[in-house]
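# Residue-level structure breakdown
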Protein chains: 2
Amino acid sequence: MIHTISGERDFLEFLRGKPAHFMLGMSTTRTCETEGITQAGIPGKIHLTPTLDAELLCSGEVRSLGSMAETPKGVPSPALITRAVHLCRPFEKLELLDLGCAEKPRLRYFPCHDFALAPSGSIQNGAQIDALAVFERGVAFGQEFVSDAEYVILAESVPAGTSTAAASAMALGYNAMEMFSSSFCAVPDSIRKETITKALLRAKRHEDIFAKLGECTDNMLLFYAGFILGSRKNGLKLLLAGGTQMAAVLLIVNSVVKTMGARFDASHVALCTTGWIYSDTNSDLKGLLSLLDFKINAYAADFDFRHSEHPALRLYDKGEAKEGVGAGAALAYAMLNGASPRELTQKIEELLR
Amino acid sequence: MIHTISGERDFLEFLRGKPAHFMLGMSTTRTCETEGITQAGIPGKIHLTPTLDAELLCSGEVRSLGSMAETPKGVPSPALITRAVHLCRPFEKLELLDLGCAEKPRLRYFPCHDFALAPSGSIQNGAQIDALAVFERGVAFGQEFVSDAEYVILAESVPAGTSTAAASAMALGYNAMEMFSSSFCAVPDSIRKETITKALLRAKRHEDIFAKLGECTDNMLLFYAGFILGSRKNGLKLLLAGGTQMAAVLLIVNSVVKTMGARFDASHVALCTTGWIYSDTNSDLKGLLSLLDFKINAYAADFDFRHSEHPALRLYDKGEAKEGVGAGAALAYAMLNGASPRELTQKIEELLR
């Protein structure tokens, strides 16, 4: 089952049975080096998380490191879920977007689009992103992008990405501090708040929205906001695969469009996340989406690990990790193609053996 | 398992594992308002059956009415079976043809082709169809129609459609009165016969076959006959999803081709129906197909509700409802893609909860 968070179920019903094109946007920011801000990766190696997620998703192997990316408590990366979906109900295409990786994934054959972007700075000291340029690269890529598939799933791997997302939304004037989720169950609020507060102080010094974002965002958010606007022409349907980070992408779109005095028709776009984000009491995805000036279709895959005995997986049901690498949209894709929760759980467990 | 009624099993074997494009032709005729002629719908709301069937099939929801279309005895619409198939083994595309609906289905994103056709009259008082024009619209649509899929499943929802089908065949001179099926187990023979007799008296006043059909047919039969002839050029394979109504479509094709002094090669067309039609002793699908001057591949999905305890579903096994909304071809499609009868039964039961 798939919950409708906002909008109509028809968008997703229309995609039932259709092959999907899966894109993973990979980006590293120095924000993730702030101690205790994220558990999306191996301590000391968190900057490698996007690289490792891409390797696991595409090849089933973690190549740029000895063992799989695990958080200190042993919560496996949500890349595992997306990989299991790809084994049960394969995506028709898998492509990577290098939006500033610390290291390129060690993969052959899989297209990895390069935009000459480096990892961005920590938002505590200024992200130092040429925000307009990254956004425009997203627009250009969206304009040129063609696919045989009916829709593209846009996923992300950005460690500490919910912190940059929260800072981006607030820098644009949205009152959203308490609405963003975290990979932690017990959110490290003081570290996070301190980081975001520092970022917002820097952003405030600017008037222009791209100048503000240049201080406090990440490349993925900007690039995807551009992609959404650039791909409007070609009629391609987009499924934003994530929770509050993808809401931040939409808030950037909203602000850009408003600044231009235009209106945005989002009927070709939807957001899809996990049930863990949907039921998270520490964040408010629905609240974030209600800040948009346009209507948006948003869904959550009704999947949890109730059929699993695996202690590492049961941590998801306790609120750890929650989302990433498009896990929620991937689960919805699998279900739209006839996979049962039990089949998916078994495949995920197999990957942990 | 799938039975071969006539022709060779190779047509269907060739389609094994291939994605399908599913089209639902929706048409309402005032014939369905004749009391006791059909149980395909809710009394007083039978004209809405095609609309509700389309909504249920595409979205899983009945939107233009409070509750699901059920016959007085509580036999759920065969749309339920086709929906369950779409959940287990999704069709790649679902499209609708408005061939004269009382109300448009309340659906977004799903293409609904409009041909500016209104519900037709009761065949008791003259259907008042411009039969040649509707047929030609079918030809034109078939000529233009392209699909990425290897084949198109042509399904229908036309309440009282077996009565208009019987009248159409007989108006064209086929001796077929006892051969047509009914949604009832105990066929309301007198009402039906009386209706058809009145229609035939009107049809007899004309010489031209389209003038005859204009008195006693429905838009779906004419449009699909045109579609079959129009789509010959593009090499597309067609699976006529239904029982005796689809046989009537083929009889119309047969008469049109004969009138033109031509021959028809039906090697790109097949008919596929349910096991309930196949084993129905009150109708004779095989007999109808034997009236054709061309060879036709015809099949029946070997599926029944022996694995179900649900009383409403067991009524199907007693001969109620039998076919509609492409249920038979949908079941065959699911089996051709690896679904087991048990899996399908479970999914259908889930939908009734």
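Analysis parameters
Residues numbered from 1 in each chain as written. Chains lettered and ligands numbered in written order. Predicted model: local features only at pLDDT ≥ 70, side-chain atom pairs only at ≥ 80, totals over all residues. Heavy atoms only, no water. Helix = DSSP H or I, 4+ residues; strand = E, 2+ residues; numbered from the N terminus. Rg over C-alpha atoms; globule rule 2.2 N^0.38 Å. Buried < 20%, exposed > 50% of the residue type's maximum accessible area, 1.4 Å probe, protein only. Areas by Shrake-Rupley, 256 points an atom, 1.4 Å probe, with all protein chains shown as cover. Lys, Arg positive; Asp, Glu negative; His and termini not counted. Charge placed at Lys NZ, Arg CZ, Asp CG, Glu CD. pLDDT = per-residue confidence, 0-100. Phe/Tyr/Trp six-rings, centres within 6.5 Å; stacked < 30°, edge-to-face > 60°. Contact = heavy atoms within 4.5 Å. Buried area = accessible area lost by both parts, 1.4 Å probe. Salt bridge = Lys/Arg side-chain N within 4 Å of Asp/Glu carboxyl O. Polar contact = N/O pair within 3.5 Å; in protein donor to acceptor, adjacent residues only side chain to side chain. Axes fitted to C-alpha atoms, helices over the stretch in contact; angles between N-to-C directions. Parallel < 35°, antiparallel > 145°, perpendicular 65-115°, else oblique. Left-handed = near helix turned anticlockwise from the far one by under 90°. Nonpolar A, V, L, I, M, F, W, Y, C, P; charged D, E, K, R; others polar. Least-squares fit on C-alpha atoms with pLDDT ≥ 70 in both. Core = buried A, V, L, I, M, F, W, Y, C linked by side-chain atoms within 4.5 Å. Pairing = 2+ DSSP bridges.

To continue, consider the overall build of chain A. Counting its regular elements, chain A contains 14 helices and eight strands. Its C-alpha atoms give chain A a radius of gyration of 18 Å, within 12% of the compact-globule value 20 Å for 353 residues. Structurally, chain A occupies a C-alpha span of about 50 × 40 × 40 Å along its principal axes. The buried share of chain A, taken over its 353 residues, is 66%. Entry remark: accessible area of chain A is about 13100 Å², with carbon and sulfur atoms responsible for 48%. Each charge sign in chain A was given a centre, from 35 positive and 40 negative side chains, and these centres are 1 Å apart.

Attention shifts here to the confidence of the model for chain A. Here chain A shows a mean pLDDT of 94. Residues at 70 or above account for 98%. At the level of chain-chain contacts, confidence expressed as ipTM amounts to 0.86, with global pTM at 0.92.

Taken as a whole and judged by the stated rule, the model has 34 aromatic pairs over all chains. Between Phe11 of chain A and Tyr109 of chain B the ring centres are 5.2 Å apart and the planes differ by 90°, which places this aromatic pair in the edge-to-face class. Placement of Phe11 of chain A in helix H1 (residues 10–15) and of Tyr109 of chain B in the loop between strand S3 (93–98) and strand S4 (112–114) is noted, with the two residues assigned to different chains. Arranged with centres 5.7 Å apart and planes meeting at 70°, the rings of Phe305 of chain B and Tyr316 of chain B form a pair that is edge-to-face. Placement of the pair is Phe305 of chain B in the loop between strand S8 (297–301) and helix H12 (311–317) and Tyr316 of chain B in helix H12, with a sequence separation of 11 residues.

Contact with chain B, which involves 19 residues of that partner, is made by 17 residues of chain A. Interface of chain B and chain A: buried area, both sides summed, is about 1400 Å²; carbon and sulfur atoms make up 50% of it. Among the residues of chain B in contact with chain A, Glu92, Arg108 and Tyr109 of chain B are the three that bury the most area, contributing 41% of the side total. Counting across the chain B and chain A interface gives four salt bridges. Across the salt bridge formed by Arg63 of chain B and Asp10 of chain A, the nearest N and O atoms sit 2.7 Å from each other. On inspection of chain B and its partner chain A, the count reaches nine residue pairs in polar contact (both at pLDDT 80 or more). For the side of chain B that touches chain A, the secondary structure elements donating two or more residues are helix H2 (49–59) and helix H3 (79–88) of chain B.

Bringing the packing of helix H2 (residues 49–59) of chain A against helix H3 (residues 79–88) of chain A into the picture now. All names here are of chain A. Close contact between H2 and H3 brings their axes to 8 Å; oriented N to C, the two are set at 20°. By the criterion of interaxial angle, the relationship of H2 to H3 is roughly parallel. Relative to H3, the crossing made by H2 is right-handed. Of the residues in H3, those touching H2 at Asp53, Leu56, Leu57, Cys58 and Ser59 are Ala79, Leu80, Thr82, Arg83 and His86.

Residue and element names in this part refer to chain A. Packing of H3 against helix H14 (residues 341–352) brings their axes to within 9 Å, and their N-to-C directions diverge by 115°. Once H3 is placed against H14, the crossing between them reads as right-handed. Counting all contacts with H3, which are made through Leu80, Ile81, Arg83, Ala84, Val85, Leu87 and Cys88, the residues of H14 involved are Glu343, Leu344, Lys347, Ile348, Leu351 and Leu352. Classifying every residue of the contact of H3 with H14 gives 10 nonpolar, no polar and three charged.

It is worth spelling out the pattern of salt bridges at this point. In the structure shown here, the tally under the stated rule is 32 salt bridges over all chains. With a shortest N-O distance of 3.1 Å, Arg9 of chain A and Glu61 of chain B are connected by a salt bridge. Pair noted here: Arg9 of chain A is in the loop between strand S1 (2–6) and H1 and Glu61 of chain B is in the loop between H2 and H3, and the two residues belong to different chains. Of the residues examined, Glu61 of chain B reaches a relative accessible area of 29% and is grouped as partly exposed. Of the charged contacts in the structure, one is a salt bridge between Glu343 of chain B and Arg89 of chain B, with a shortest N-O distance of 3.0 Å. In this pair, Glu343 of chain B is assigned in helix H14 (residues 341–352) and Arg89 of chain B in the loop between H3 and S3, connecting sequence segments 254 residues apart. According to the relative accessible area criterion, Glu343 of chain B is partly exposed, its value standing at 26%. A single network of salt bridges, built from pairs that share partners, joins Arg9, Asp10, Glu13 and Arg16 of chain A together with Glu61, Arg63 and Arg83 of chain B.

For the rest of this paragraph, the subject is the relation of the copies chain B and chain A. Mapping between the two chain copies consists of a rotation about an axis together with a translation along that axis. Of the transformation superimposing chain B on chain A, the axial component is 1.3 Å and the angular component is 120°, with the fit at an RMSD of 0.1 Å. On this basis, the relationship between the two copies can be described by a three-fold rotation axis.

Turning our eyes to something else, we now look at the nonpolar core. Grouped together as the largest cluster of nonpolar side chains are 117 residues, with contacts concentrated most on Ile153 of chain A together with Ile153 of chain B. When near neighbours in sequence (up to four residues on either side) are disregarded, Ile153 of chain A contacts Ala20, His21, Phe22, Met23, Phe91, Leu239, Ala241, Ala329 and Tyr333 of chain A.

Residue and element names in this part refer to chain A. Judged by pairing direction, the sheet is mixed, and its eight strands sit side by side in the order S1-S8-S7-S6-S5-S2-S3-S4 without closing on themselves. Bordering the open sheet on either side are S1 and strand S4 (112–114), each of which pairs with just one other strand. The mean angle between the axes of side-by-side strands here comes to 25°, regardless of whether they run parallel or antiparallel. Here seven bridges tie strand S2 (residues 20–26) to strand S5 (residues 151–157), and the two strands are oriented parallel to one another. Bridge pairing in S5 places Ala20 opposite Tyr151.

What follows is about the sheet that holds strand S2 (residues 20–26) of chain B. Residue and element names in this part refer to chain B. Strands sit in the order S1-S8-S7-S6-S5-S2-S3-S4 across an open sheet of eight strands; the sheet is mixed. Every interior strand has two partners, whereas the edge strands, strand S1 (2–6) and S4, have only one. Pairwise comparison of adjacent strand axes, ignoring direction, gives a mean angle of 25° for this sheet. Sheet analysis places S1 next to S8, joined by four bridges and oriented antiparallel. Among the inter-strand pairings, Ser6 is bridged to a residue of S8, identified as Ala298. Across the face of the sheet, H2 comes into contact with S2, S3 and strand S5 (151–157) while running at roughly 155° to S2. Contacts between helix H13 (residues 327–336) and the sheet are confined to S1, S2, S5, strand S6 (237–241), strand S7 (269–274) and S8, with S7 contributing the most and set at about 100° to the helix.

Here the focus is the pairing of S2 of chain B. Residues and elements named next belong to chain B. S2 sits mainly inside the fold: seven of its seven residues count as buried. Alternating positions in S2 separate into two faces, Ala20, Phe22, Leu24 and Met26 on one and His21, Met23 and Gly25 on the other, with burial throughout. When S2 meets S3, the two strands line up parallel, connected through six bridges. When the bridges of S3 are listed, His21 appears paired with Lys93.

Moving on, we come to the side chain of Glu215 of chain B. Residue and element names in this part refer to chain B. Examined against the element boundaries, Glu215 turns out to sit in helix H7 (residues 209–216). Using a relative accessible area of 11% as the deciding quantity, one classes Glu215 as buried. Excluding residues that lie within four positions of it along the chain, Glu215 makes contacts with Ile123, Gly126, Ala127, Arg202, Ala203, Arg205 and His206.

Of note in this structure, Ala321 of chain A is not a glycine but carries a positive phi near 65°. Of the residues examined, Ala321 of chain A reaches a relative accessible area of 12% and is grouped as buried.

All right, on to the environment of Gly60 of chain A then. Residues and elements named next belong to chain A. Residue position: Gly60 is located in the loop between H2 and H3. With a relative accessible area of 36%, Gly60 lands in the partly exposed category. For the pair Gly60 and Ala270, spaced 210 residues apart in sequence, the C-alpha to C-alpha distance is 28 Å.

Attention now goes to helix H13 (residues 327–336) of chain A. Residue and element names in this part refer to chain A. Counted residue by residue, H13 has 10 buried out of 10 residues, so it is predominantly covered. Within H13, the full set of buried residues consists of Ala327, Gly328, Ala329, Ala330, Leu331, Ala332, Tyr333, Ala334, Met335 and Leu336. Backbone geometry just downstream of H13 places Gly338 in the positive-phi region, at approximately 90°.

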